[in-house]
Amino acid sequence: MSGIDTRWSGRERAKTAAVVMVAWVALLWLLEVADTVAGHALDDFGVVPRTTSELVDVVPSAFVHFGFAHVAANSVPLLVLGFLAALGGLRRFAAVCALIIVCDGLGVWLIAPAHTNTAGASGLVFGLFGFLLCSGFVERRPMGVVVAVLVGAVWGGSILAGIAPGQTGVSWQGHLIGLLAGVASAFLFRRGPARRDALTV
């Protein structure tokens, strides 16, 4: 009688998720260093609403920031939430991130105030929060529910504050659209309920 040991694969998933997110956050910092050296030329990759030529910046805008304080504010939540989301598999994680980034960028392009320039990973951060908050319940996975409760307890207040209208210098529209895209991705990319490890006799 033999059983399938999933402990090693779990460690490998965690290691891979950690490497991916550390590399992602490191890329954001490297881009900000390059932006500073270039006299903030990369800021042009932000999204200016309802300008047709700006549609090409929908995806790049999620990777550039307006200063080191901006990228620092997004780094920890992106690292933690991205790691937790990536534990469910890199293919699904990539699909979830792609959906959030594209929907967030397009939403900002559509509804952000005129003559503004929006960039940064916070839309993705809000989206990953929404995804993690809902996916455990949608998939009826106990560990996912535990993650949702912990994520909600740690970041729930900040998320609510981030989607409050009327904030100066903050794209609450991008935050809200990212959050909604993350919730939608929990339904679009849901898996079946968790099952016990398979045993072969």
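Predicted, not measured: the structure shown is a model, and the values here were computed from it. (Residues numbered from 1 in each chain as written. Predicted model: local features only at pLDDT ≥ 70, side-chain atom pairs only at ≥ 80, totals over all residues. Heavy atoms only, no water.)

The next thing to look at is unusual backbone geometry. Residues other than glycine seldom take positive phi values, yet Arg-50 does so here, at roughly 55°. Counting through the fold element by element, Arg-50 comes out in the loop between helix H1 (7–37) and helix H2 (68–86). At His-115, a residue that is not glycine, the phi angle is positive and equals roughly 65°. (Helix = DSSP H or I, 4+ residues; strand = E, 2+ residues; numbered from the N terminus.)

So, about a nonpolar patch on the surface. On the surface, Val-22, Val-76, Leu-79 and Val-80 cluster together into a nonpolar patch covering about 300 Å² of accessible area. Sorting elements by how many residues they give to the nonpolar patch places H2 first, with 3 residues. With respect to the helices, strands and loops of the structure, Val-22 is situated in helix H1. (Patch = residues over 30% accessible without salt bridge, like charges linked within 9 Å, V, L, I, M, F, W, Y side chains within 5 Å. Areas by Shrake-Rupley, 256 points an atom, 1.4 Å probe, with all protein chains shown as cover. Salt bridge = Lys/Arg side-chain N within 4 Å of Asp/Glu carboxyl O.)

Under the 1.5 Å per step criterion, the end-to-end length of helix H5 (residues 142–162) is 28 Å for 21 residues, consistent within 8% with the ideal 30 Å. In the structure, H5 departs most strongly from a straight axis at Trp-155, where the bend amounts to approximately 60°. Those residues of H5 that fall on the buried side of the exposure criterion are Gly-144, Ala-148, Val-151, Trp-155, Gly-156, Ile-159 and Gly-162. If you follow the buried residues of H5, they end up packed against H2, helix H4 (122–139) and helix H6 (172–188). (Expected span 1.5 Å × (residues − 1). Bend = angle between axes of the 7 residues up to and from the residue. Buried < 20%, exposed > 50% of the residue type's maximum accessible area, 1.4 Å probe, protein only. Contact = heavy atoms within 4.5 Å.)

Just distances and angles here, no functional claims.
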